[in-house]
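Chain by chain, the residues run as shown.
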Amino acid sequence: MVESAVISNGLDGIVVAETDISEVDGQRGQLIIKGRDVEDLGFASTFEQTCALLWPGGATAEELQKQFGQARVEAFEAHKDILPLLNREHPMDALRTATSLLVSGTQSDSQEFARITAAVGVFTASFSRLTQGKKLIAPDPTLTHSADYLRLIRDETPTAAEIAGMDTYLTTVSDHGMNASTFTARVVASTESDNVSCIVAAIGALKGPLHGGAPGPVLEMLSEIGSPENAEKWVNDELNSGKRIMGMGHRIYKVRDPRAAVFEKAISHLEKAGLKASRLELARAVERTCERILAERHPERPLKANVEFYTAVLLDALKVPGDLFSATFAVGRAAGWFAHVAEQRAKGRLIRPGSKYTGSYPKN
Ligand code: COA
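About the cut-offs
- Residues numbered from 1 in each chain as written.
- Predicted model: local features only at pLDDT ≥ 70, side-chain atom pairs only at ≥ 80, totals over all residues.
- Heavy atoms only, no water.
- Pairing = 2+ DSSP bridges.
- Helix = DSSP H or I, 4+ residues; strand = E, 2+ residues; numbered from the N terminus.
- Disulfide = S-S within 2.5 Å.
- 1 Å grid on protein atoms, 1.4 Å probe; cavity = no way out; pocket = protein on both sides within 12 Å on 5 of 7 lines; lining within 4 Å.
- Points joined across faces, edges and corners; volume = space filled by probe spheres on them.
- Nonpolar A, V, L, I, M, F, W, Y, C, P; charged D, E, K, R; others polar.
- Domains from an automatic or database assignment.
- Phe/Tyr/Trp six-rings, centres within 6.5 Å; stacked < 30°, edge-to-face > 60°.
- Buried < 20%, exposed > 50% of the residue type's maximum accessible area, 1.4 Å probe, protein only.
- Near = heavy atom within 4 Å.
- Polar contact = N/O pair within 3.5 Å; in protein donor to acceptor, adjacent residues only side chain to side chain.
- Areas by Shrake-Rupley, 256 points an atom, 1.4 Å probe, with all protein chains shown as cover.
- Sits in = over half its atoms within 2 Å of the grid points.
- Buried area = accessible area lost by both parts, 1.4 Å probe.
- Salt bridge = Lys/Arg side-chain N within 4 Å of Asp/Glu carboxyl O.
- Expected span 1.5 Å × (residues − 1).
- Contact = heavy atoms within 4.5 Å.

Enquirer: Which parts of the structure should I look at to understand the sheet that holds strand β2 (residues 30–33)?
Expert: Note on sheets: strands pair through backbone hydrogen bonds, and any given pair is parallel or antiparallel. If you walk across this open sheet you meet the three strands as β1-β2-β3, and the pairing is antiparallel. Taken across any chain shown, the strands that pair with only one partner, and hence form the sheet edges, are β1 (22–25) and β3 (36–37). Examined bridge by bridge, β1 and β2 share four bridges and lie antiparallel to one another. By the bridge assignment for β2, D25 is matched with Q30.

Written out as structure tokens, the structure reads:
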């Protein structure tokens, strides 16, 4: 007999690593990254500052900005002829394939991590251009990673408020405890495989709708609902047909995901700077409806908005296309993946979980 309390999925709650990178408190709804509350960090840190905080070696944000700029240009020059060949795939598949073309190494220094993280941004932005039927353009090494990412996608120089919004987004999603893609990266690092393999595997894990694949569908949900009075019927129809509501629920959080509040605040900062986040009010109304209906159906289990719900609204306000949301998540999460890869290499052993055999045995 399988003891279901022990085997919910075989890994629930099992400590697989000691880490000083981040902690998720699901009861209180708190995310700490390197000793800082996510909201505090999200509004104080550029993406380069976040990488400087997360990665070993003591590189400053200014040094990292130079390394990122140079690495964006190099990644573009080396792959600009190949990227159009991947254009028919979903951006996450295209990103996974393109990233796998990078040269591998096993070093844990910021130059190496910047080289690959910068390429993830360039590839993602380039796929967006190709999908929109635009020609590829070269990165600008003098810009910050957030500024150049938005510029490459949108073909226009982003405003200071938009760059700050993208820095808040990338920083806020940079790390989140032992989530599925981070665990994947650590498992690969634990075998002493190379850095590119760690990130390619992590991208594959992030793609799934139960992890990083939800924000695109959240945007589609908001578009289909269209107006708050349609939410009740839409949500009930969806649940009655056996589907889940994207952007709601979380394995760890028993309260609202704190990153949802950070993104709501980031959106209000954009609005104060004159940019209209057209879906904010609708999103708030839909969230209330989802929360109420899910509480009626699952009184035993709190199902509240997670990070993806307001990711959709924030990235939409920054004019990032919906099919690029998951890949944009990877652009930020690469910072955390590499922090964990470095930590695993420095302190960890081969990760080799057990399983409980429930099959048959040979007779006699
Ligand atoms: N919509 C509807 N029902 C949901 C739900 C959602 N978003 N999330 C969980 N549930 C229900 C499940 O159907 C299940 O019901 P059942 O016991 O009647 O079968 C119950 O809650 C428990 O679900 P389970 O899959 O065990 O929870 P989990 O901890 O594994 O799930 C998520 C966590 C995030 C995978 C889940 O909440 C989900 O699928 N959310 C939607 C996808 C999403 O937003 N992903 C991004 C996560 S950051």
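Enquirer: Any chance you could explain the state of the cysteines here in plain terms?
Expert: By definition, a disulfide links the sulfur atoms of two cysteine residues through a covalent bond. In this structure the tally under the stated criterion is zero disulfides. C198 supplies the cysteine sulfur nearest to C51, a cysteine that is in no disulfide, at a spacing of 16 Å.

Enquirer: Teacher, can you tell me more about the layout of surface pockets here?
Expert: One water molecule sets the probe size; rolling that probe over the atoms shows where empty space is left. As a volume, the largest pocket reaches approximately 1800 Å³. In terms of lining residues, the largest pocket is bounded by 50 residues, among which M178, N179, H250, R251 and I252 are the most central. When residues of the lining of the largest pocket are traced back to their parent elements, those giving at least two are β1, α8 (180–190), α14 (307–317) and α15 (325–347). Each residue belonging to the lining of the largest pocket can be placed in one class, and the counts come to 23 nonpolar, 15 polar and twelve charged. The two domains that each donate at least three residues to the lining of the largest pocket are domain 1 (32–209 + 323–347) and domain 2 (215–317).

Enquirer: Can you help me understand the packing of aromatic side chains in this one?
Expert: In this description, an aromatic ring pair is defined by two values, namely the gap between the centres and the angle between the planes. Applying the stated criterion across every chain yields a total of eight aromatic pairs. Taking the centre distance of 5.9 Å and the plane angle of 65° together, the rings of F47 and F68 count as edge-to-face. Of this pair, F47 sits in helix α2 (residues 47–54) while F68 sits in helix α3 (residues 61–79); the two residues are 21 residues apart in sequence, bridging distant segments of the chain. For F47, a relative accessible area of 0% translates into the label buried. Their ring planes at 35° and their centres at 5.4 Å tell us that Y169 and F263 sit as a pair that is tilted. Taken together, the residues Y169 in helix α7 (residues 160–172) and F263 in helix α12 (residues 258–272) connect sequence positions 94 residues apart. What makes Y169 buried here is its relative accessible area of 0%. With a relative accessible area of 0%, F263 lands in the buried category. Among the aromatic residues, those joined into a cluster by ring pairs are F47, W55, F68, F113 and F338.

Enquirer: Before we go on, may I ask you to explain the site of the ligand in this structure?
Expert: Among the 19 residues in the neighbourhood of the ligand, the closest are listed as R244, I245, G247, M248 and R301. One nitrogen or oxygen atom from the main chain of M248 is found 2.8 Å from a nitrogen atom belonging to the ligand. A distance of 2.8 Å is found between an oxygen atom of the ligand and a side-chain nitrogen or oxygen belonging to R251. Protein chains shield 73% of the accessible area of the ligand, which is 850 Å² for the free molecule. More than half of the atoms belonging to the ligand lie within 2 Å of the grid points that define the largest pocket. Among the residues making up the shell around the ligand, the classes are represented as nine nonpolar, six polar and four charged.

Enquirer: What should I look at first to understand the domain arrangement of the protein chain in this one?
Expert: Size of an interface, as often reported, equals the accessible area lost when the parts are brought together. The assigned domain composition of the protein chain is domain 1 (32–209 + 323–347) and domain 2 (215–317). If you average the C-alpha positions of domain 1 and of domain 2, the two centres end up 26 Å apart. Here domain 1 and domain 2 share an interface that buries about 1700 Å² over both sides, 79% of which is from carbon and sulfur atoms. The largest contributions to the domain 1 side of the interface with domain 2 come from F43, H176 and F325, which together make up 38% of the buried area. Where domain 1 touches domain 2, the interface holds one salt bridge. A salt bridge links E39 to K265; the nearest nitrogen and oxygen atoms lie 2.6 Å apart. Where domain 1 packs against domain 2, one counts three residue pairs in polar contact (both at pLDDT 80 or more). Elements represented by at least two residues in the side of domain 1 that touches domain 2 include exactly α1 (38–44), α7 and α15. Ranked by the residues each element gives to the side of domain 1 that touches domain 2, the list is headed by α7, at seven residues. Looking at side-chain class alone, the side of domain 1 that touches domain 2 contains nine nonpolar, six polar and three charged residues.

Enquirer: Would you mind showing me how to read the pattern of salt bridges here?
Expert: Opposite charge on two side chains makes pairing possible when the charged atoms of those side chains draw close. Tallying each qualifying case throughout the model produces 28 salt bridges. A salt bridge links R72 to D148, with the shortest nitrogen-to-oxygen separation between them at 2.8 Å. Placement of the pair is R72 in helix α3 and D148 in helix α6 (residues 145–154), with a sequence separation of 76 residues. You'll find R72 and D148 in the same group, each marked buried. Taking the shortest distance from any N to any O, the salt bridge between E162 and R154 comes out at 2.9 Å. Classification of E162 by relative accessible area gives buried; the value is 3%.

Enquirer: Looking at this structure, how should I read helix α9 (residues 195–206)?
Expert: Structurally, the α-helix is built with 3.6 residues per turn, so residues lying three or four positions apart point the same way. Taking 1.5 Å per residue, twelve residues should reach 16 Å; α9 reaches 16 Å between its end C-alpha atoms and fits that length. The set of residues buried in α9 consists of N195, V196, C198, I199, V200, A202, I203 and L206. Buried residues along α9 sit in contact with α4 (91–100), α5 (110–131), α8 and α15. The backbone nitrogen of V196 lies 3.1 Å from a side-chain oxygen of the residue at the head of α9, namely D194.

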